[in-house]
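Each chain, written out:
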Amino acid sequence: MTHYHLPLRLKRLRKSKAIRALVQETRLHREQLIAPLFISANIEHKQEIKSMPGQFQLPLASLAEEINELGALGIQAVLLFGLPEYKDATGSAAWQKNGVIQQAIKIISNTNSEMLIITDLCFCEYTDHGHCGVLIDELIDNDHTLELLGRQAVSHAEAGAHWIAPSGMTDGMVTAIRQALDKAGFIDTAILSYSVKYCSCFYGPFREATLGAPQFGDRKTYQMNPANSNEALRETELDLAEGADLIMVKPAMNYLDIIYKLKQKYPEVPLCAYQVSGEYSMLKNAAAQGLINEEQAMVESLLAIKRAGADLIITYFAKDIVRLI
Ligand code: PBG
């Protein structure tokens, strides 16, 4: 049979596994993955989170084992969330010397001094009303919250945290935290700012995991409207001007355009994306029902985040994906 003379046949470069690997443009690297951990002051045994199959609330007593497992898999960064002993109106459990996160940081440093310790800095897990700061009436008191964020950041740094990741969308949070850290002498503690955090229903399973759901209302007065993209540029510009060392977009999958835009605009700034609890649970549940292949869904979703422009990825799949890359 005669063949068409086509100027080019792109299928030539898809023909074998070796060829596909040679021309693959985007890759996942274990060194760029961050594993989130939930550490609870209130349990004695590791407890699976129902809404997030395969994820656990960990007591301090199980932390060393978890860190060793992550280290053995080549994961070198963790993001810590705390479930404190008590909650109150200001979230004061967040800055106690003996708080659950402060203790966790010490255990991690003693277990593996190479592990990069990042702490999520927010108040929703610590306040009895479940909002991300102190309130006046039913609204966040922004500037009072800034002062308390500074306090929490310094207490994390004192315990040995390497990076602080403020997630409360408080105006001026990077300035306040930088000033507080510098004043206390922690000039080398970096700030990974959740610069662009949308008010997303995809945090649902996480709120079950951390018991941090708002007790009334929602987070629309501080987290971003999913309909906005220009605003993401303004948020990021401000965070960078305030001294953020790294920036973040969250969630990831529904916001790949935002990741792309930010990477185009700030190619020189390390960009992190957070594949959040709802993204994880959605894929897990679909796979459990036989609707999609879990391994492929995990790889495809993470590659897409990378391809859009993320450098670092926070993902609950960290342990699973490193076994494949
Ligand atoms: C704390 C915080 C949240 C998440 C990370 N930090 C919850 C929220 O903002 O409601 C969500 C993470 C996830 O869903 O995996 N403010």
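Scroll up a little and you will see the structure.
Rules and cut-offs
Residues numbered from 1 in each chain as written. Predicted model: local features only at pLDDT ≥ 70, side-chain atom pairs only at ≥ 80, totals over all residues. Heavy atoms only, no water. Helix = DSSP H or I, 4+ residues; strand = E, 2+ residues; numbered from the N terminus. Rg over C-alpha atoms; globule rule 2.2 N^0.38 Å. Contact = heavy atoms within 4.5 Å. Areas by Shrake-Rupley, 256 points an atom, 1.4 Å probe, with all protein chains shown as cover. Near = heavy atom within 4 Å. Polar contact = N/O pair within 3.5 Å; in protein donor to acceptor, adjacent residues only side chain to side chain. Nonpolar A, V, L, I, M, F, W, Y, C, P; charged D, E, K, R; others polar. Buried < 20%, exposed > 50% of the residue type's maximum accessible area, 1.4 Å probe, protein only. Expected span 1.5 Å × (residues − 1). Patch = residues over 30% accessible without salt bridge, like charges linked within 9 Å, V, L, I, M, F, W, Y side chains within 5 Å. Salt bridge = Lys/Arg side-chain N within 4 Å of Asp/Glu carboxyl O. Lys, Arg positive; Asp, Glu negative; His and termini not counted. Charge placed at Lys NZ, Arg CZ, Asp CG, Glu CD.

A. Inspection of the overall build of the chain at higher detail. Secondary structure summary: the chain contains 11 helices and 12 strands in total. On C-alpha atoms alone, the chain measures out to a radius of gyration of 21 Å, which is about the 20 Å that the 2.2 N^0.38 rule sets for 325 residues. By principal-axis analysis of the C-alpha atoms, the chain measures approximately 80 × 45 × 40 Å. Look at the contacts in the chain between residues 6 or more apart in sequence, and 75% of them connect residues 24 or more apart. Surface accessibility of the chain: about 15,500 Å² in total, with carbon and sulfur atoms responsible for 52%.

B. Quick look at the site of the ligand. Contacts to the ligand come from 18 residues, most closely from K197, R207, K250, S277 and Y316. Measuring from a nitrogen atom of the ligand, one finds a side-chain N or O atom of D120 at 3.3 Å. Between S277 and the ligand, the recorded distance is 2.7 Å, taken from a side-chain N or O atom to an oxygen atom. Relative to its free-state accessible area of 400 Å², the ligand is covered by the protein chains to the extent of 100%. Split by residue class, the shell around the ligand holds 9 nonpolar, 3 polar and 6 charged.

C. A look at the side chain of K263. Following the sequence through the fold, K263 ends up in helix α8 (residues 256–265). Residue class for K263 comes out buried when judged on its relative accessible area of 15%. In this structure K263 touches V269, L271, G309 and D311, once residues within four positions along its chain are discounted.

D. Representation of helix α4 (residues 142–159) in the model. Taking 1.5 Å per residue, 18 residues should reach 26 Å; α4 reaches 26 Å between its end C-alpha atoms and fits that length. Turning to α4, its buried residues are T145, L146, L148, L149, G150, Q152, A153, V154, S155, H156, A157 and A159. The elements touched by buried residues of α4 are α3 (100–111), β5 (116–121), β7 (139–140), β8 (163–166) and α5 (173–183). Positive backbone phi, at 120 degrees, marks G160, one or two positions downstream of α4.

E. Quick peek at a positive patch on the surface. Taken together, the side chains of R9, K11, R12 and R14 present a region of like positive charge at the surface. Tracing the chain through its elements places R12 in the segment before α1 (17–22). Overall, R12 belongs to the partly exposed group, its relative accessible area being 46%.

From the geometry alone we can't say anything about function, so treat these as descriptive.
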